[in-house]
Amino acid sequence: MNKPVILQCQQLTKRYAQGDLNVEVLKGVDLTIQAGQRVAIMGASGSGKSTLLHLLGGLEKPTSGNVILDGFDLNKIGSAKLSRLRNQSLGFIYQFHHLLGEFTMLENVAMPLLIGNLPIKQAQQQATDLLKRVGLGHRIEHKPGELSGGERQRAAVARALINKPKCVLADEPTGNLDSKTADQIYQLMLELNQELQVSFLVVTHDPDLAGRMDHVLHMEDGLIV
Ligand SMILES: Nc1ncnc2c1ncn2[C@@H]1O[C@H](COP(=O)(O)OP(=O)(O)OP(=O)(O)O)[C@@H](O)[C@H]1O
C-alpha cells in the first residue's frame, strides 16, 4: 500500500542571474517523499543538491514548478502560513550545527516548541526527554561551546525532531565529523526514523550514509538522473 505523500516537487527549476548570465541550477526536478521514507541525494559538487533542499524547505522560491509540503502548495500560501508550516512539518539539520551559542542545550532544543507557542514548562519537559533520548541527558545545562562536535550534532538532530516533523531535510549532516562519530549520528537518525516514522531526505557525499537509506537519488547538472 502506498503511504501518504509528505513532500513533493514537480518540474522544479531555479535560475540565478549572475551579471548578464543566467545560471540554471535546477532544470526540472520531480521528487516524491512518502511518510517514513529515507531518501539520499548524492551528486557532484555544484550539481544543485543544496539548492533543491532549500527550495523543498521553503527557504527559497523556485523560478518555476511547485513544492507541495504536507498537502500545501508553497507557491500558494503566504509567508506567515509558510513559517508555521515549516515549523510544524519540517526539521532541518546542517553540516554545521547552527545551535545558538549563548543558549543552553535545553533552550536550543526547546526553541522550536516555544516558537510554536507551547507553554515553557511543557517545552522544557519535551526537550529534556528528547535530549535524554539522544544521549545528552547530562548536558542539558551546557552551552554548545562546551560540547564535542558529535554531541553538538546530536543536539542538532534533537532540535530538528522536537516538533515531531513529518520530514527532516539534512544537508551533509555528518560532513564535519570523524567516521566513528558520523556512524553514531547515522544510527541515531535511523532509530528516530523508525520510532517516529519521520521521513528523511539527506544530501550526502558519504556512500555509507546513502547506503542506509531506502532510496539513493543521483543529481547531475540540475537534474535527478
Ligand atoms: N545564490 C546563488 N547565486 C548564484 N549561483 C548560485 C547561488 N546558489 C547556488 N548557486 C550555484 O548553483 C550551483 C549549485 O549549487 P548547490 O549549492 O546547490 O550545489 P551542491 O550540489 O549542493 O554542491 P556541494 O556538494 O558542493 O555542496 C553552483 O554552481 C552554485 O554556484
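Because the structure is predicted, anything quoted here is derived from the model rather than measured.

So, how was this worked out
- Every chain is numbered on its own, with residues counted from 1 as its sequence reads.
- In keeping with the predicted nature of the model, local features appear solely for residues at pLDDT of at least 70, side-chain atom pairs appear and are counted solely at 80 or more, and the whole-chain, interface and lining totals rest on all residues.
- Residues are counted as near a molecule or strand when the C-beta atom, derived from backbone positions, lies within 6 Å of that molecule or strand.
- Comment: elements are numbered from the N terminus, with helices defined as DSSP H or I runs of at least four residues and strands as E runs of at least two.
- When residues are sorted by character, Ala, Val, Leu, Ile, Met, Phe, Trp, Tyr, Cys and Pro go into the nonpolar class, Asp, Glu, Lys and Arg into the charged class, and all the rest, Gly among them, into the polar class.
- Think of it this way: DSSP has to see at least two bridges between two strands before they count as a pair.
- By definition, residue pairs are in contact when their C-beta atoms, positioned from the backbone, come within 7 Å.
- Only the stretch in contact is used when a helix axis is fitted, and all axes are lines through C-alpha atoms; the angle between N-to-C directions ranges over 0 to 180 degrees.
- UniProt positions are given in the numbering used here, feature names are shortened, and annotations may be inferred rather than shown by experiment.

Novice: It is not clear to me how the site of the ligand should be interpreted in this structure. Could you clarify?
Specialist: The full set of residues close to the ligand is Y16, Q18, V23, V25, G43, S45, G46, S47, G48, K49, S50 and T51. Counting residues per element, the ones that place at least two in the shell around the ligand are strand 1 (5-18), strand 2 (21-34) and helix 1 (49-56). Among the residues forming the shell around the ligand, the class breakdown is 3 nonpolar, 8 polar and 1 charged.

Novice: Which parts of the structure should I look at to understand the sheet that holds strand 10 (residues 223-224)?
Specialist: Strand pairing in a sheet takes place through backbone hydrogen bonds and is either antiparallel or parallel in direction. Across the sheet, 6 strands lie side by side as 6-7-8-3-9-10; this open sheet has mixed pairing. Pairing within the sheet leaves two strands with one partner each, and these edge strands are strand 6 (90-93) and strand 10. Relative to strand 8 (residues 199-203), strand 7 (residues 167-171) is paired through 5 bridges, and the arrangement is parallel. Counterpart to D171 in the pairing with strand 8 is V203. Against the sheet, helix 1 engages strand 3 (38-43), strand 7, strand 8 and strand 9 (215-220), with an angle of about 150 degrees to strand 7.

Novice: Looking at this structure, how should I read the sheet that holds strand 1?
Specialist: Spatial strand order, 2-1-4-5: 4 strands in an open sheet with antiparallel pairing. Pairing within the sheet leaves two strands with one partner each, and these edge strands are strand 2 and strand 5 (72-73). The pairing of strand 4 (residues 64-69) with strand 5 spans 2 bridges and is classified as antiparallel. If you follow L69 over to strand 5, its bridge partner there is F72. Set on the sheet, helix 1 makes contact with strand 1, strand 2 and strand 4; between it and strand 1 the angle comes to about 120 degrees.

Novice: Looking at this model, I keep getting lost on the UniProt feature "domain: ABC transporter" (unreviewed entry) in the protein chain. Mind explaining?
Specialist: Per the UniProt record, "domain: ABC transporter" (unreviewed entry) is found at residues 7-225. With 37% helix and 28% strand, residues 7-225 has its two end C-alpha atoms placed 19 Å apart.

Novice: Would you mind showing me how to read the pairing of strand 2 here?
Specialist: Within a regular strand, side chains alternate between the sheet's two faces. Alignment of strand 1 against strand 2, held across 11 bridges, turns out to be antiparallel. Residue pairing across strands places V5 opposite Q34, the latter belonging to strand 2. Counting the residues between successive antiparallel strands, the hairpin from strand 1 to strand 2 contains 2 residues, one of them, G19, with a positive phi of roughly 60 degrees.

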